[in-house]
Amino acid sequence: TITQPKATIQILMSDTGGGHRASANALRDAWNTLYPNQIDCEIVDIYTEYGPVWPYNDYVRMYKLMAQYPWTWDLFFRFGSTPFGLWLNAILLETICFQSFVTCLQQPDFTTTKHRADMVVSVHPLCQDIALKILAYLDRNGATRDPHYRTTPFCTVVTDLGGAHPTWFHPQVDYCFVPSDALRQLALKRNLQPSQIVQHGLPIRQGFWNNAPSSSTSKAPQRTALGLHPDLPTVLLVGGGDGMGGLVEMAVALQQELADAQLVVICGNNRAAQATLQQHSNNNMVVQGFVSNMDEYMRAADVLVTKAGPGTIAEACICGLPCLLFAYLPGQEEGNIPFVEQGGFGAYCSDPKEIATTVRSWIADPQQLAVMQENAFKAARPQATLDIARDLAEIVFRHNEKKVDGGIGKGESRGVVESS
Ligand code: UDP
């Protein structure tokens, strides 16, 4: 017999950077693991698939472009954070995208049903206000004028770490899942009630959920499995999902400084950097493009040199990996630097030569390295994905029970999760 899923969840996101889809996939995988065949989940890039006109349907390309010229992103982020910027964004979105986004929420692409989702979850900063307005419109169905009337549960799962844009935080959500103290404070500042905020950590890929190594785990078998030298100190250089400018310079500086170590460079989707670096590769430098087994590389390494991406940092913590951050996107990634520095498991520096000497000094001091590894483990939240998935599932299951029992009104979906 085929078991029909008992609940449908629509995850709203956009592929601006790799993190939103990675988190959405992680939640879907967690539901499949925890509740096989009980949750049917659709993940939709609402802007790319339903944005009616430019610039809404072109966000992904524009984000990539702005990430290459960070000052443009800085401007966009800062303007969008001002009261006028927030108001303008909300009003334009509602005027231009409302109808086509209604279609997105009204006709989801579930495998088991064509009905609207039992619950909607956002993992993107630009999917709160407009989605809540649409849910209110669809749920009240002409029955009331209350603009905040809503019966469909709506939750936000923030996929940034040490900093976040104000649009992430909307006081009308049922719950907002934040990964850190810094973001809890931002949520409170944006008028969310403490009872709406749940703090577990960042949702990340299945490879990082369990079997977290401790500081006593030997890295040699993992290195051998990856074709690396089992006993050499290992430095991992990662430029984020799309790769990032400066990777080649950084790799060359590290290669020159780390004569007694091995360097693994993961270029992500940065094909140009990969091609250039492959010409420099030798016994002590391994160059990879986009890898799907980042957890294995992180478990093999002693130090991570990376741009300040939230996913990469959270993953590094789980592997007890000290981090040297060499770049960040202004705005949401700036706060990831204090997250690492105050957590005592890394530092920020933008000069390749200085980075190379710092990494060498870390490797030369096993005691200091061990302290940083322990601090990274302390900041790790390997259970976060499963915890968030469990809470969300409980909300949608309870909601559906109430629907069967008869009628659920505004706000009734609250009170399922105990805020930590
Ligand atoms: N990543 C990967 N393979 C690669 C390069 C990166 O799986 O070759 C993953 C990395 O493990 C992380 C994500 O891509 O989960 C990057 O997310 P992050 O939040 O660090 O930065 P973003 O790319 O979203 O700016």
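Preceding this paragraph is the structure being described.
All of the points below concern the structure found in this document. The structure presented is a predicted model; accordingly, all values stated were derived computationally and were not measured.

**Comments concerning the pattern of salt bridges**
Alright, step 1. In this structure the tally under the stated criterion is 17 salt bridges.
Alright, step 2. Asp302 is the salt-bridge partner of Arg223, the closest N and O atoms lying 2.9 Å from each other. With Arg223 in helix α8 (residues 220-225) and Asp302 in the loop between α11 (294-300) and β10 (303-307), this residue pair connects regions lying 79 residues apart in the sequence. Each member of the pair Arg223 and Asp302 is classed as buried.
Alright, step 3. Connected through salt bridges with shared partners, the residues Glu94, Asp129 and Lys133 form a single ionic network.

**Structural notes on the sheet that holds strand β7 (residues 234-238)**
Alright, step 1. Strand order in this open sheet of six strands is β9-β8-β7-β10-β11-β12, and the pairing throughout is parallel. Edge positions in the open sheet fall to β9 (285-288) and β12 (346-348), since each of these has one partner strand only. For this sheet, the mean angle separating the axes of adjacent strands, direction not counted, is 15°.
Alright, step 2. In terms of strand pairing, strand β8 (residues 262-266) meets β9 through four bridges, oriented parallel. Note on β9: the bridge partner recorded for Val265 is Val287.
Alright, step 3. Relative to the sheet, helix α14 (residues 352-363) contacts β7, β10, β11 (323-327) and β12, its axis offset from that of β11 by approximately 175°.

**A look at the state of the cysteines**
Alright, step 1. Tallied over the full model, the rule gives zero disulfides.
Alright, step 2. Free cysteine: Cys41, not disulfide-bonded; nearest cysteine sulfur from Cys104 at 13 Å.
Alright, step 3. A relative accessible area of 16% places Cys41 in the buried class.
Alright, step 4. Take Cys349: it sits in no disulfide, and the sulfur closest to it among the cysteines is that of Cys323, at 14 Å.
Alright, step 5. With a relative accessible area of 11%, Cys349 lands in the buried category.

**Considerations on the sheet that holds strand β4 (residues 154-157)**
Alright, step 1. Strands sit in the order β2-β1-β3-β4-β5-β6 across an open sheet of six strands; the sheet is parallel. Of all the strands in the sheet, just β2 (39-45) and β6 (197-199) have a single pairing partner and so form its edges. Neighbour-to-neighbour, the strand axes of the sheet open up by a mean angle of 20°, direction not taken into account.
Alright, step 2. Where strand β1 (residues 7-13) and strand β3 (residues 119-122) come together, four bridges link them in parallel fashion. In the sheet register, Ile11 faces β3, and the bridge partner there is Val121.

**Brief notes about a nonpolar patch on the surface**
Alright, step 1. Together, Val53, Phe79, Phe84, Trp87, Ile91, Leu92 and Ile96 make up an exposed nonpolar region whose accessible area comes to about 620 Å².
Alright, step 2. Broken down by element, the nonpolar patch gets its largest block of residues, five residues, from helix α5 (residues 83-106).
Alright, step 3. Tracing the chain through its elements places Ile91 in helix α5.
Alright, step 4. Judged by its relative accessible area of 35%, Ile91 falls in the partly exposed class.

Criteria and thresholds
- Residues numbered from 1 in each chain as written.
- Predicted model: local features only at pLDDT ≥ 70, side-chain atom pairs only at ≥ 80, totals over all residues.
- Heavy atoms only, no water.
- Salt bridge = Lys/Arg side-chain N within 4 Å of Asp/Glu carboxyl O.
- Helix = DSSP H or I, 4+ residues; strand = E, 2+ residues; numbered from the N terminus.
- Buried < 20%, exposed > 50% of the residue type's maximum accessible area, 1.4 Å probe, protein only.
- Pairing = 2+ DSSP bridges.
- Axes fitted to C-alpha atoms, helices over the stretch in contact; angles between N-to-C directions.
- Contact = heavy atoms within 4.5 Å.
- Disulfide = S-S within 2.5 Å.
- Patch = residues over 30% accessible without salt bridge, like charges linked within 9 Å, V, L, I, M, F, W, Y side chains within 5 Å.
- Areas by Shrake-Rupley, 256 points an atom, 1.4 Å probe, with all protein chains shown as cover.

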